[in-house]
Amino acid sequence: MKQIINVTVSAQKQDFSKAKAQMLALALFSDSIEQTAKQLDKKVPGIAAVVKLGDFKGKSASTTLFYTDKGDSKRVLLVGLGEKDKLTSDILRNAAATAANTAVSSKAVTLAFAIPQEQTKIDTVAAGRLIAEGIHFGAYRYDEYVTGDKKENGRIKALKATILDTNAAAVRSLSKGVNTGDIIGHSQSLARTIANRPGNVINPPSLAAVAKQVARETKGLTCTVLDEKQLKQKKMGGILAVGSGSATPPRLIILKYRPAKVKKNTPIVGLVGKAITFDSGGISIKPSQGMQDMKFDKSGGLAVLGTMKAVAELKLPIKVFGIIPSAENMPSGTSWRPGDIVTTFSKKTVEIQNTDAEGRMILCDGIYYAVTQKCDFIIDIATLTGACMVALGKYKAGLMSNDDELIKNIEQAAKDSGENVWHLPSGDEYADEMKSEIADLKNIGSRWGGACSAAAFLGQFAGDKKWAHIDMAGVDLFESGKKYAASGSTGYGVRLLTAFVQNLCNK
Ligand code: BES
Ligand code: ZN
Ligand code: ZN
C-alpha cells in the first residue's frame, strides 16, 4: 500500500560533518555538554554558541533548531538524550521521531541523524531498530483528503533519512536493526492511515478489502472474509447484532500467517482486534460532543492488521492468526435494541442492556473463533471502555488476563516497544456482575470498574485458553500534535504485539 509520505531509512558510513542533508539532527547527551559542543563546533560551527547561551543542555526530549551557512546541512537540530547512563529505548526512539517530525515540518526532504558521543547502553542493532521506528513514527502525516494549494505547498512527498556513523562494523549492525525497524514502522503507518480514514470511507466491507490487499502484497499472509450470509450460516450472533442497524453489513476478517518453516509444538498465536468502523452507540446513542472520534473505534482491528503485516515481513518462525470482527454500530429501524437477547457464536446468550457496549459483542465471537482455530494464546485488543481511559489516562492501555506468564510477557513487550500497559484486575467478582436473570450473560455491569467487568465478560469466551485483553481506549489517539508525532491515530498496538510475537520466537 502506498505511503502518504514515502519514508525511507538507511545507515551509512560517513562523518556527520560531511552530510549533505537538508537537516542534520545530532542527538546529544547532557553529560559534559559544553566540552562536547566545543569539539563539535569545529565540524558544525554554531553548536558551541548555542550551548554557551544555555539554550540547549542536552535534556531528554529537548530540542534546538539553528541555521548555519558553513556546512552542507544548513539546518541543524540538536536533540537531547539526557544523561548517558539513563538512556532508554523510549528516549532514543522519541529523539529520532522528534527529528523526523521537525524535518517534515521544515520541508526538509533529506535527514541525517547521528549520535556523535559514544553510547554504550543500547546495543547497536537495537539502536538501528529504535531510530528507524522513531523516524517512521515522527515523519507520519495524515492529509489524504486535503486538496488544492494547502496540500501542494503544505508538505514534502518523501523523506530520506540516513543514520550516520564512522565505524563500518557499527553501520552493519545499525543496518540490521534498521531493516526490522523499517518493517515495523511501515506497518504502524499503515495502521494509522486506515484508522485515520473516516467512517464514510472505511466500513466493514471496505476494511475487508484493505485487509485483502495487504495480504495480496505480503508473502506468507492469507486473508479470508466472512460476509453477512456466512456469518448467519455460522451463527455469529454477536457480530450480526451489532451490524444490524447499519446500511453497510458486518464482516469477519481472518488473516493467517504461516511461516515456511515452523518447529513442532510451536504455539499458535491468535490476535483479535475490535474494528467498529463507527460507534454512534446505536439506539443507546452517544452524546454528540466528541462523537466524531468514534471513527477510531476500529483501532484494535488495525493494530492486528499492522501486526500481521509486520510478523509476515519479518518472517517470524511462528503461526499467527489475526481475527478482525468488524461492524458499524448505528441506530435504525433494523438495529439491535436494549432488551434483545443475542445468541453468540459460542452459543452463550447475552441480554443487551446497552447497545453502546457493542465492542464486547463482536469480540466474543472473534475470541470464540480463535478458540475453534486452536490458538494457544489469545490476545484481544480494543478501544473498549471509557472507564479504562478514566482509570489510566492517555499513556497506558489496560491489561487483563487469566495467565500470569502471559501478563509478564506482554509487560516485557510493552517495555521493548514503548507501547505501555498497566495490569488491571478482572476475574470472578467482576464476572458475577455480568450475569443476567434471563440469559447467560448481560452486556453491561455495574457503574464501577467498567473496564474490569468488560474484560471479565470477554474472558468467558476464551474457554481454557491463555487469554489476555488490552483495552486501548485513550491510547489510540493523539488529540493534538506532539513534538514527536502528528495528531490523529497513534497506531498503538502494532509495535506492542509485534514485540510480543518476536519475543515468543526468541524463547
Ligand atoms: N468505543 C467505546 C469506548 C470508548 C470511549 C473508546 C471513549 C474510546 C474513547 C465503547 O464501545 C463504549 O461505548 N463503551 C461504553 C460501555 C458502557 C455502555 C458499559 C462506555 O465506555 O461508556
Ligand atoms: Zn460503544
Ligand atoms: Zn465502541
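Residues numbered from 1 in each chain as written. Chains lettered and ligands numbered in written order. Predicted model: local features only at pLDDT ≥ 70, side-chain atom pairs only at ≥ 80, totals over all residues. Heavy atoms only, no water.

A word on the pairing of strand β9 (residues 268-273). Burial analysis of β9 places six of its six residues in the buried class, the great majority of the element. Covered by surrounding structure in β9 are Ile268, Gly270 and Val272 together with Val269, Leu271 and Gly273, the residues of both alternating faces. Of the strand pairs in this sheet, β9 and strand β11 (residues 319-329) are connected by five bridges, and their pairing is parallel. When the sheet's bridge partners are listed, Gly270 is paired in β11 with Phe321. Of the pairings in the sheet, the one linking β9 to strand β14 (residues 377-382) comprises five bridges and is parallel in character. Bridged to Gly270 within β14 is Ile378. (Buried < 20%, exposed > 50% of the residue type's maximum accessible area, 1.4 Å probe, protein only. Helix = DSSP H or I, 4+ residues; strand = E, 2+ residues; numbered from the N terminus. Pairing = 2+ DSSP bridges.)

Every protein donor of the zinc ion (ligand 2) is listed here as Asp279 (OD), Asp356 (O), Asp356 (OD) and Glu358 (OE), and their distances to the metal cover 2.0 to 2.2 Å. Given six donor atoms and angles of 71 to 165 degrees at the metal, the environment of the zinc ion (ligand 2) is assigned as irregular. Between the donor residues of the zinc ion (ligand 2), the gaps in sequence give the motif D-x76-D-x1-E. In this structure the zinc ion (ligand 3) is found 3.2 Å away from the zinc ion (ligand 2), and Asp279 serves as a bridging donor for the pair. (Donors = N, O, S within 2.8 Å, 3.2 Å for Na, K, Ca; no water. Tetrahedral: all angles 85-135°; square planar, octahedral: opposite > 155°, others 65-115°.)

Turning to the coordination of the zinc ion (ligand 3), a few remarks are in order. When a metal carries six donors in an octahedron, the ideal angles between them are 90 or 180 degrees, while four donors in a tetrahedron ideally lie at 109.5 degrees. Protein coordination at the zinc ion (ligand 3) comes from Lys274 (NZ), Asp279 (OD), Asp297 (OD) and Glu358 (OE), with a distance range of 2.0 to 2.4 Å. Considering all six donor atoms around the zinc ion (ligand 3), angles at the metal cover 77 to 173 degrees and the coordination shape is octahedral. Within one chain, the residues donating to the zinc ion (ligand 3) are spaced in sequence as K-x4-D-x17-D-x60-E.

Counting 58 residues, the largest nonpolar core has Leu255 and Ile470 as the members making the most contacts within it. Discounting chain neighbours no more than four positions away, the residues touching Leu255 are Ala211, Ala215, Leu221, Thr222, Cys223, Leu305, Met308, Val320, Phe321, Gly322 and Ile324. Core analysis: the second largest hydrophobic core is formed by 46 residues, Leu252, Val272, Ile323 and Phe457 among them. (Core = buried A, V, L, I, M, F, W, Y, C linked by side-chain atoms within 4.5 Å. Contact = heavy atoms within 4.5 Å.)

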